[in-house]
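What the coordinates show
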Amino acid sequence: MSNDVFATKNEYLKSKLQSFTAQPLVYECGKVSSVGDGVATVSGLKNRLYGELLEFEGEIFGMALELNEDGVGAVLFDSADSVKVGDKVKGTNRVAEIPVGDELLGRIIDPIGRAIDGKALDVKEFLPAERPAPTIIDREPVSKPLETGILAIDSMVPIGRGQRELIIGDRQTGKTSIALDTIFNQKGKNVICVYCAIGQKASNISQVVDYLHKNEALEYTVVVASTASDSPATQYLAPYCACTVAEGFMKEGKDVLVIYDDLSKHAVAYRAMSLLLHRPPGREAYPGDVFYLHSRLLERSACLSKRLGGGSITALPIVETTGGNISAYIPTNVISITDGQIYLESELFHSGMRPAINTGLSVSRVGRSAQHKAMRKVSGTLRIELSQYREMAIFTRFGSDVDESTAKLLRKGECLTELLKQGKGEPLTLFKQVALLLAYKLDVFESTPKKDIKQKAYELLELLEDQYPDYVKEINSTGDITEAVEKIFTKTMLEFKQ
């Protein structure tokens, strides 16, 4: 089906429904009994589907979200002001459907599948926005790593293909930056990316698209955008739409990475809709099914069995906290659904530690099974050493005398902290990560002043890349480092230290 660029959601939805004329359609009609704030109550419209598209007078469309014995509660997509009490409403017998396929790569669409980047979109296949999650029998264990290119994550909080890893922290702590760097790092690794913006400012979405375009990452990425000015119904639909787009690629046996930015705003949009539909409020005024809202979304991320093509969806949902409170309602809900979390701390961010990952509160429940062998060999004790350093650094702030072993621990901790710092748009290959951690284990930068550690690290990486290009390719392609190569690197690093 060929889609032109439509002016409104209503025109787009009408054109889609008109294209399905293979058989006669029998419409049941009802009447609007009340309307306000983008929500309409319709009486006399029985036997509707959950999430079904409803057509109001004046070619205005809504979605049925509250199913009653005699009618439905519907949320409106566009032109809500022109719907009035007494207007006729008819069911379409079709739920919201989303385009899928390779035609979407490099494109920006809204949550009903309409292209919003100013170009025509030609798609051949559509799938429902809400689909059941793969069963346990359909899944494989998560074992293949998904490299983020961020040393602190790949070494201590590894992410596997098919995993769901939450990125959580206060506003302005670098959550979106981590997600975008992960997308950037998938270049040339046969991973398709889907970035879903929920309730974001249009200027922020534009910056994200510019960043992806400049780094040549847009060509393997689909952007699903729902701005802050969109209706709550559109914001509610956005992550399900993004997941359906990802499932279109997964069923072809491809690996997909999906970013949901962010689920806090998604829950707020759903709360607004639920209160307007007069559902009983629960904790923090959220409806009782807000857990199911996110669990049925995130459970669709999986690593499929070889019988079903072996594709995977890796989800990186983002949740924003207030004042570092990760025990609030939505954060605790999403933490309990996901397979681990990356916690970003404001204090670390403002102290110059970028990315500001708190390794004590961050965890990956898939563990070291989703790590390359080479990384496993060099990252074993990092988490313990970093926590010991941070604990010891608090005591030494008071100026107390320290013995030689404590001083050495502090020097090593400072060195590791400097090595873990990374700027935005600077992902590291597997070889670079393994080489830096091997150099740390060998105390190569022990006597280097703190401010010069980063520069020395770059010089060491350049030296190794110039002298051993074949070994560099071998590590990046196989994900392992042999004992012979490790000995050669060790010898070169110790000479570099001298």
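A few points on the structure. (Residues numbered from 1 in each chain as written. Predicted model: local features only at pLDDT ≥ 70, side-chain atom pairs only at ≥ 80, totals over all residues. Heavy atoms only, no water.)

Within the protein chain, the secondary structure is distributed over 16 helices and 18 strands. The buried share of the protein chain, taken over its 498 residues, is 54%. A separation threshold of at least 6 residues defines the contact pool for the protein chain, and within that pool the share at least 24 residues apart is 74%. Total accessible area on the protein chain stands at roughly 21,800 Å², and carbon and sulfur atoms take up 52% of it. Put simply, the protein chain has 59 plus and 66 minus side-chain charges, and the middle of one group is 1 Å from the middle of the other. (Helix = DSSP H or I, 4+ residues; strand = E, 2+ residues; numbered from the N terminus. Buried < 20%, exposed > 50% of the residue type's maximum accessible area, 1.4 Å probe, protein only. Contact = heavy atoms within 4.5 Å. Areas by Shrake-Rupley, 256 points an atom, 1.4 Å probe, with all protein chains shown as cover. Lys, Arg positive; Asp, Glu negative; His and termini not counted. Charge placed at Lys NZ, Arg CZ, Asp CG, Glu CD.)

Quick look at empty space enclosed by the protein now. Across all of its chains, the model carries 4 cavities of 30 Å³ or more by this definition. Within this model, the largest cavity holds a volume of roughly 100 Å³. Considering the residues around the largest cavity, the lining is formed by 10 residues, among which Leu13, Lys16, Leu53, Val95 and Glu97 are closest to the centre. Secondary structure elements with two or more residues in the lining of the largest cavity: α1 (9–18) and β7 (88–95). (1 Å grid on protein atoms, 1.4 Å probe; cavity = no way out; pocket = protein on both sides within 12 Å on 5 of 7 lines; lining within 4 Å. Points joined across faces, edges and corners; volume = space filled by probe spheres on them.)

Membership of the largest hydrophobic core comes to 73 residues, with the highest contact counts inside it found for Ile183, Leu212, Phe445 and Phe489. Of all the elements, helix α13 (residues 430–441) adds the most residues to this core, at 9 residues. (Core = buried A, V, L, I, M, F, W, Y, C linked by side-chain atoms within 4.5 Å.)

Below, the discussion takes up helix α7 (residues 290–298). Burial within α7 is extensive, with 7 of its 9 residues counted as buried. Along α7, the residues classified as buried are Val290, Leu293, His294, Ser295, Arg296, Leu297 and Leu298. Of the surrounding elements, those touching the buried residues of α7 are α5 (232–250), β15 (255–261), α6 (263–276), β16 (312–320) and α8 (329–337).

A separate point is the sheet that holds strand β6 (residues 71–76). With antiparallel pairing, the 6 strands of this closed barrel are ordered in space as β2-β3-β6-β5-β4-β7. When strand polarity is set aside, the average angle formed by the axes of neighbouring strands in this sheet is 45°. Two elements, strand β4 (residues 52–56) and β7, share 4 bridges in a ladder whose sense is antiparallel. When the sheet's bridge partners are listed, Phe56 is paired in β7 with Val89. Against the sheet, α1 touches β4, β5 (60–67) and β7, its axis set at about 80° to β5. (Pairing = 2+ DSSP bridges. Axes fitted to C-alpha atoms, helices over the stretch in contact; angles between N-to-C directions.)

Between its first and last C-alpha atoms α13 spans 17 Å; for 12 residues at 1.5 Å apiece the expected length is 16 Å, and the two agree. Of all 12 residues in α13, 10 are buried, a share of seventy percent or more. Taken together, the buried positions of α13 are occupied by Leu430, Phe431, Gln433, Val434, Ala435, Leu436, Leu437, Leu438, Ala439 and Tyr440. (Expected span 1.5 Å × (residues − 1).)

Tracing the sequence through the fold places Thr359 in the loop between α9 (346–350) and β18 (363–364). Not counting the four nearest positions on each side in its chain, Thr359 is found in contact with Met156, Arg383, Leu386 and Arg390.

Turning our attention to the packing of aromatic side chains. Scanning the model with the defined rule gives 7 aromatic pairs in all. Ring geometry for Tyr236 and Tyr270: centres 5.6 Å apart, planes at 20°, overall stacked. Taken together, the positions of Tyr236 in helix α5 and Tyr270 in helix α6 put the pair 34 residues apart, joining distant regions of the chain. Members of the aromatic cluster, each reached through a chain of ring pairs, are Phe431, Tyr468, Tyr471 and Phe489. The ring of Phe349 has Arg354 lying over it, and the distance from NZ or CZ to the ring centre is 3.8 Å. A cation sits over an aromatic face here: Lys412 above Tyr440, 4.8 Å from the ring centre. (Phe/Tyr/Trp six-rings, centres within 6.5 Å; stacked < 30°, edge-to-face > 60°. Lys NZ or Arg CZ within 6 Å of the ring centre and 35° of its normal.)

Counting across every chain of the model gives 31 salt bridges. Here Arg296 and Glu130 are joined by a salt bridge, their closest N and O atoms 2.9 Å apart. Pair noted here: Arg296 is in helix α7 and Glu130 is in the loop between β11 (125–128) and α2 (151–156), with a separation of 166 residues, a long-range link. With a relative accessible area of 13%, Arg296 lands in the buried category. Residue Arg161 is joined to Asp255 by a salt bridge in which the shortest nitrogen-to-oxygen separation is 2.8 Å. Note that Arg161 is positioned in the loop between α2 and β12 (166–169) and Asp255 in strand β15, a separation of 94 residues in sequence. What makes Arg161 buried here is its relative accessible area of 9%. What makes Asp255 buried here is its relative accessible area of 13%. (Salt bridge = Lys/Arg side-chain N within 4 Å of Asp/Glu carboxyl O.)

Another point: the pairing of strand β17 (residues 340–344). For β17, the tally of buried residues reaches 5 of 5 residues, placing the bulk of the element in the interior. Going residue by residue along β17, you find Gly340, Ile342 and Leu344 tucked away on one face and Gln341 and Tyr343 tucked away on the opposite face as well. Two strands pair when backbone bridges link them, and β12 and β17 are joined in this way by 4 bridges, in the parallel orientation. Paired with Leu166 across the bridge in β17 is Gln341.

Here the largest pocket is characterised by a volume of approximately 610 Å³. Lining the largest pocket are 23 residues, and of these Gln172, Thr176, Gln200, Asn204 and Asp261 lie nearest its centre. Broken down by secondary-structure element, the contributors of at least two residues to the lining of the largest pocket are α3 (175–184), β13 (191–200) and α4 (202–214). Examining the composition of the lining of the largest pocket, we find that 5 residues originate from one element, α4, more than from any other. For the lining of the largest pocket, the residue count by class is 6 nonpolar, 9 polar and 8 charged. In this model, the second largest pocket occupies a volume close to 510 Å³. Lining the second largest pocket are 18 residues, with Leu348, Ser351, Tyr389, Arg390 and Arg397 positioned closest to its centre. Residue assignment for the lining of the second largest pocket shows that the elements contributing at least two residues are α9, α11 (382–396) and α12 (404–420). (Nonpolar A, V, L, I, M, F, W, Y, C, P; charged D, E, K, R; others polar.)

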